[in-house]
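Examining the three-dimensional arrangement
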Amino acid sequence: MNLSLVIPVFNEQDNLPLLFDALYKTMNTLKDSWELILVDDGSRDKTKLILQEYAEKDPQHVRAVILRRNYGQTAAIAAGLDHAKGEIIVLMDADLQNDPSDIPMMLAKLDEGYDLVSGLRKQRKDNAVTRNFPSMIANWVISRVTGVHLHDYGCTLKAYRREVLEGFRLYGEMHRFIPVYAASVGANIAEVVVSHHPRKFGKTKYGLERTAKVILDLFTVKFLVSYSAKPIYIFGGTGGLLMIISAALMLYLLVRRSLFLISVTGSPLFQTSVMFFILGFQSMLMGLIAELLVRTYHESQRKPTYTVRAKFNLNTNE
Ligand code: UDP
Ligand code: MG
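Residues numbered from 1 in each chain as written. Chains lettered and ligands numbered in written order. Predicted model: local features only at pLDDT ≥ 70, side-chain atom pairs only at ≥ 80, totals over all residues. Heavy atoms only, no water.

As for its placement among the helices and strands, L293 is situated in helix 9 (residues 268-300). By relative accessible area, L293 is classed as exposed at 57%. As for L293 and A229, which are separated by 64 residues in sequence, their C-alpha atoms are 10.0 Å apart. (Helix = DSSP H or I, 4+ residues; strand = E, 2+ residues; numbered from the N terminus. Buried < 20%, exposed > 50% of the residue type's maximum accessible area, 1.4 Å probe, protein only.)

And the structure:
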């Protein structure tokens, strides 16, 4: 199998027929073998029946995973990925805001030697206040914090080589952070402009609150990508810094005491210094515990602390 298209679907009964029409139109022009993996994320409308119908009509191409309840877009995507067999995986929304006709162009970009091609919705057709503006800020912050500069993390339409998706579990709203993880395992990432359309049927499942979730997830992602192999660096680093500040404050108090006879314990700086010392010390200990956890994490799964791009004269499973 060359190409798997993974599409999460939640209450999109009116969009599905149009989606399938558009997909077939594009996919039939491809030379490679392909499959569609649609994940019904606990829809309460006719989504499941429609998927079943299409799956029965075209068993060669259409596969459907029906989840028991609504788990959210990221979990639905994860379910789809677990069933995808393609060497190349394309993620997309079911509501036709993304345009399947952009896929061949993205595949061509992958062929240029990229591992991940990310869609960029230049002319985004969503609510400006609750969606486009917060997402502009979020994109800027994420790019800054992670060092992976993309203009549209939120665009689901992205094409991936299978390797960059492996060894990575999706939680929360994490699917948008796949590029960050991919970059951390050495992926070459390209961004291409894709079309975006307003929703024809149904309504968006998200509002402003998602930006907040995304920013919280960013903390986790940054920590996992940058420090998960060496947590002591961040805990010990912060801890050390706090203890240095604590020592500096104490020194200042002692010098003031000996030169000007100002009481050490009377000053609020004294409490601050003690507090910083305790916090710093605690943070270092936490770092050590985190180090233990990391070892358990990697060793229990036999998960290496590195990823391999290619091997010569070596068996790939070795
Ligand atoms: N979706 C899902 N589970 C959810 C919410 C959304 O599978 O709990 C799907 C939805 O059917 C669509 C995609 O995720 O295919 C994106 O959702 P939506 O269009 O509401 O998001 P927006 O485009 O407004 O960001
Ligand atoms: Mg949408």
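That covers the picture; the talk isn't over yet.
Glancing now at the pairing of strand 6 (residues 158-161). Pairing between strand 4 (residues 88-91) and strand 6: four bridges, direction antiparallel. The residue bridging I89 from the neighbouring strand is Y160, located in strand 6. In terms of strand pairing, strand 5 (residues 116-121) meets strand 6 through three bridges, oriented antiparallel. Opposite L116, over in strand 6, you have Y160 as the bridge partner. (Pairing = 2+ DSSP bridges.)

Once that is clear, we can look at the packing of helix 5 (residues 128-146) against helix 7 (residues 209-227). Helix-helix packing is characterised by the crossing angle of the two axes and by the distance between the axes. Contact geometry for helix 5 and helix 7: axes closest at 10 Å, N-to-C directions at 10°. The angle between helix 5 and helix 7 places the two elements in the roughly parallel class. In this structure, helix 5 uses R131, P134, A138, V141, I142, V145 and T146 to contact helix 7, whose residues at the interface are R210, T211, V214, I215, L218 and K222. A per-class count over the contact of helix 5 with helix 7 returns eight nonpolar, two polar and three charged. (Axes fitted to C-alpha atoms, helices over the stretch in contact; angles between N-to-C directions. Parallel < 35°, antiparallel > 145°, perpendicular 65-115°, else oblique. Contact = heavy atoms within 4.5 Å. Nonpolar A, V, L, I, M, F, W, Y, C, P; charged D, E, K, R; others polar.)

With that out of the way, let us pick up the site of ligand 1. Taken together, 18 residues sit near ligand 1, with E12, D41, D95, R131 and T204 positioned nearest. Measuring from an oxygen atom of ligand 1, one finds a backbone N or O atom of F10 at 2.9 Å. Here an oxygen atom of ligand 1 sits 2.8 Å away from a polar atom, N or O, in the main chain of K205. Among the residues making up the shell around ligand 1, the classes are represented as five nonpolar, five polar and eight charged. (Near = heavy atom within 4 Å. Polar contact = N/O pair within 3.5 Å; in protein donor to acceptor, adjacent residues only side chain to side chain.)

In this structure, D95 (OD) and Q97 (OE1) serve as the protein donors to the magnesium ion (ligand 2), at separations of 1.9 Å. Classification of D95 as buried rests on a relative accessible area of 5%. (Donors = N, O, S within 2.8 Å, 3.2 Å for Na, K, Ca; no water.)

Mean pLDDT over the protein stands at 91; residues scoring 70 or higher make up 99%. Averaged pLDDT values for the elements of the protein fall to 87 in helix 7 and rise to 97 in strand 4. (pLDDT = per-residue confidence, 0-100.)

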